[in-house]
Amino acid sequence: MKRIAMVALLFLALLAGCSSPGPKAEKKDTRPGTVEDAGNTVEPAGQAPPAQTSMTREALPALPTGAVIGGVTAARETRTKSLVHGTATDQQAIRPALLAPAAPPAWNRESYDPRQETGFVNAARDPLSTFSIDVDTAGYANVRRFVRNGSLPPAGAVRIEEMVNAFAYDYLRPQGSEPLALSAEVGPSPFHRDYRLVRIGLAARDLAREELPPANLVFLVDVSGSMRDANKLPLLQQALALLVRQLGARDRVALVVYAGTDRVVLPPTAGNQQERILAAIDSLQAGGSTHGSSGIRTAYQLARQSFQPGATNRVILASDGDFNVGVTSRDELQQLIEQERRHGVYLSVLGFGRGNYRDDTMELLADKGNGNYAYIDSLLEANRVLVREMSGTLFTLASDVKIQVEFNPARVGAYRLIGYENRILADEDFADDTKDAGEVGVGHRVSALYELIPAGHASVPRLDPLRYQRPAAEPADGSTELLTVKLRYKPQGAAASTGMSLPVVDSESGRNSVDFRFAAAVAGYGLLLTDSPHLGTFTWEQCLELARSGRGADPEGERAELYRLVAASQLLANRQNRGPQEETGTLPVLR
């Protein structure tokens, strides 16, 4: 019996050995801290999977150049700088970094509002175009982030007005006591032969630092688990530190954080107590869920308690927008923000991160909170928004700013506004002071572009005659004016709006300014990214040439950066259309 038992045990041992994985068996993930769930690796609780862009697996470092966060090797930093800043480098080193083989994203929950591009409108039937201005620049920085990471942005991320307004232009400055000034320039459209392009410019008064009112700021910081990544909370802390160093004794700073719950980390503190403020910012750590609505309520309550009449009272929300506890629907968040803004406290929004970024929520909060919206993809962008352009970011000069353009049907057959799709207003809203519109900060420059089809052109949209209305009176054939730009705004602190207007005639010079050409190049870049039906004959090569000719002085190198982004996007578009095996060409060098 013993011998039989031993034989049976030996047989079972042999069977167990046959069932063990051979040398070709799939190797499981043995990283510390991970667990296996139905054959899939699952991250530890509270830790998000690695973020990916929406179109390709990332081939570049997680952080754009300038983020100054550790963990990026020197070789990869060199490749990133070569791509973004266009330094002289080996093209073979650039191409693998930028155009790595496409792969499905491992994890992506970014969300964007869909955009319905406006078409041409018959000027005889509808001669008025009305919209709210927009000084946000998040759209451009977010597009840059996608391209730097080796993929084209989704169409919803491309907001052409924000891309155009991300750059400085030399507009006519306000005269006398006026806070705002209007200007316009007309030239040929680069998109369609025989069409015209009109650039409308709005410039706000500049104020010296000592002329600015005090700032009463409440930093509302998302410290939930989704903010752990290096390009989220660590970059956010560096960005806020840049702003704090610009403040003085008259200013006040408070700090509220939220995750599963919210808490006040720093009560209102004088701006010159910088060691205390910076220590509070440095102490932040990420973890937990995201109860954004609770934090918003607490931040507004704190801002009201320390409200300073005559000062700029503002909550600055810094987050990836991924609210998942409490009030999470966009409609409810909108109602919450609209209720709070009636107390005179504005809301500015700083967006961070990728993978789970909620651009649609962040834009909505800034829009309804009478504030501005910036996306921070690097420390350089933080410096631009919070240091170089701090006055415009924090200090409002005019509110509820609206533009209405009246077209002369004798000169203009049809028109279309490029961008501003979610800023369109009813014509009746222009003179209605109860209708909310955008705010303009100190020193801001705002641009709007219209493409025009001349009257009598074969491409003017045809309309059937009206049955119940008489034909409109004959347009003023003798006038040389193309259009009139009308502006309405409320000076800071005023309840009633005031206005100004500017008649615009066509240009006979035949040569447009470098600003005009560059703004047209930026708009064209946006149209190319979205594959717009209104591109006409415009190509990537034409966009590059227009950007090159519109570069001008460019002291900060920002226009040169745009040129290189266009060049990189062209390569990405070619790969997307033809596949990586057929990719040809080199990155142009801007001289």
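In case you missed it, the structure is sitting above this.
Residues numbered from 1 in each chain as written. Predicted model: local features only at pLDDT ≥ 70, side-chain atom pairs only at ≥ 80, totals over all residues. Heavy atoms only, no water.

Asks: In this structure, what is going on with the overall build of the protein chain? I would like to understand it.
Replies: Each helix and strand in the protein chain was counted, giving 15 helices and 18 strands. Out of the 591 residues in the protein chain, the part that is buried amounts to 53%. Contacts in the protein chain between residues far apart in sequence, at least 24 positions, make up 80% of those at least 6 positions apart. If you sum the accessible surface of the protein chain, you get close to 26300 Å²; carbon and sulfur atoms cover 52% of it. (Helix = DSSP H or I, 4+ residues; strand = E, 2+ residues; numbered from the N terminus. Buried < 20%, exposed > 50% of the residue type's maximum accessible area, 1.4 Å probe, protein only. Contact = heavy atoms within 4.5 Å. Areas by Shrake-Rupley, 256 points an atom, 1.4 Å probe, with all protein chains shown as cover.)

Asks: Where do I start with the packing of helix H6 (residues 233-244) against helix H11 (residues 379-388) in this structure?
Replies: Where H6 meets H11, the closest approach of the two axes is 9 Å, and the angle between their N-to-C directions is 30°. Between H6 and H11 lies a crossing whose hand is right-handed. Along the contact surface, H6 presents Leu 235, Gln 238, Ala 239, Leu 242 and Leu 243, while H11 presents Leu 379, Ala 382, Asn 383, Leu 386 and Val 387. (Axes fitted to C-alpha atoms, helices over the stretch in contact; angles between N-to-C directions. Left-handed = near helix turned anticlockwise from the far one by under 90°.)

Asks: Explain the packing of H6 against helix H7 (residues 274-282) to me, please; I cannot follow it from the model alone.
Replies: It is the contact of H6 with H7, at a shortest axis distance of 10 Å, that shows an interaxial angle of 170°. One way to sum up the angle between H6 and H7 is to call them roughly antiparallel. Pair H6 / H7 crosses with right-handed handedness. For the pair formed by H6 and H7, the contact residues are Gln 237, Leu 240, Ala 241 and Val 244 on the first element and Gln 274, Ile 277, Leu 278, Ile 281 and Asp 282 on the second. (Parallel < 35°, antiparallel > 145°, perpendicular 65-115°, else oblique.)

Asks: Quick question: what am I supposed to make of the nonpolar core here?
Replies: The nonpolar side chains of a soluble globular protein tend to be buried with one another. Within the largest apolar cluster, 74 residues are counted, with the highest numbers of intra-cluster contacts made by Phe 219, Val 221 and Tyr 450. Per-element accounting of this core gives the leading share, 9 residues, to H6. Apart from the residues lying within four places of it in its own chain, the contact partners of Val 221 are Leu 233, Leu 236, Leu 240, Leu 255, Val 256, Val 257, Tyr 258, Leu 284 and Ala 318. Core analysis: the next-biggest nonpolar cluster, separate from the first, contains 43 residues, Val 158, Ala 203, Phe 516 and Ala 547 among them. (Core = buried A, V, L, I, M, F, W, Y, C linked by side-chain atoms within 4.5 Å.)

Keep in mind that these numbers describe shape and distance, not what the molecule does.
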